[in-house]
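Residues per chain, in single letters:
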Amino acid sequence: MTDSPGTPRRLPWTGPDGKPAYLLTDGTGPLSRLVDAVDAQQLEMAGRLLDHAADILDDHSATSDQLRYLLTCMYDALTDVRRIAEHRRGADR
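Just so you know, these numbers come straight off a predicted model, no measurement behind them. (Residues numbered from 1 in each chain as written. Predicted model: local features only at pLDDT ≥ 70, side-chain atom pairs only at ≥ 80, totals over all residues. Heavy atoms only, no water.)

Please give an account of helix 1 (residues 30-58) that cites residues and values.
In this model helix 1 runs 42 Å from its N-terminal to its C-terminal C-alpha over 29 residues, within 8% of the 42 Å that 1.5 Å per residue would give. Buried within helix 1 are the following residues: Ser-32, Val-35, Val-38, Asp-39, Gln-42, Ala-46, Leu-49, Ala-53 and Ile-56. (Helix = DSSP H or I, 4+ residues; strand = E, 2+ residues; numbered from the N terminus. Expected span 1.5 Å × (residues − 1). Buried < 20%, exposed > 50% of the residue type's maximum accessible area, 1.4 Å probe, protein only.)

Structure follows, in structure tokens:
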């Protein structure tokens, strides 16, 4: 992914105070490549989680604890995917 020079890119981690962290980048440096790799890994994990969710939802003996854990993981994954999508939408403008 190539960003415009000086475009703030939200990082897949937060700063020490828990607030979003940003990188001003042209999209070609080592930190940009690291962020791209983390984004790719998060998207892959979200895909695997979807596959697992399908299995759990098909299992009518799944417990409420299993479903709650699945929902927690899905929330985290969807948060990551949304951040990636928002960044890409902004980069395409």
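There is more to say after this.
Please set out the nonpolar core residue by residue, giving values where relevant.
Residues Ala-46, Leu-49, Ala-53, Ile-56, Ala-62, Leu-70 and Ala-77 constitute the largest nonpolar core, which totals seven residues. Contributing elements (two or more residues each) for this core: helix 1 and helix 2 (64-92). Looking at this core element by element, the count peaks at four residues for helix 1. (Core = buried A, V, L, I, M, F, W, Y, C linked by side-chain atoms within 4.5 Å.)

Let's hear about the pattern of salt bridges: which residues, and what values?
A side chain with one charge can pair with a side chain of the opposite charge if their charged atoms come near. Under the definition given, this model contains five salt bridges. Linking Asp-36 and Arg-9 is a salt bridge whose minimum nitrogen-to-oxygen distance equals 2.7 Å. Highlighted residues: Asp-36 in helix 1 and Arg-9 in strand 1 (residues 7-14), separated in sequence by 27 residues. Given the relative accessible area of 1%, Arg-9 is considered buried. (Salt bridge = Lys/Arg side-chain N within 4 Å of Asp/Glu carboxyl O.)

These values are about where atoms sit, not about what they do.
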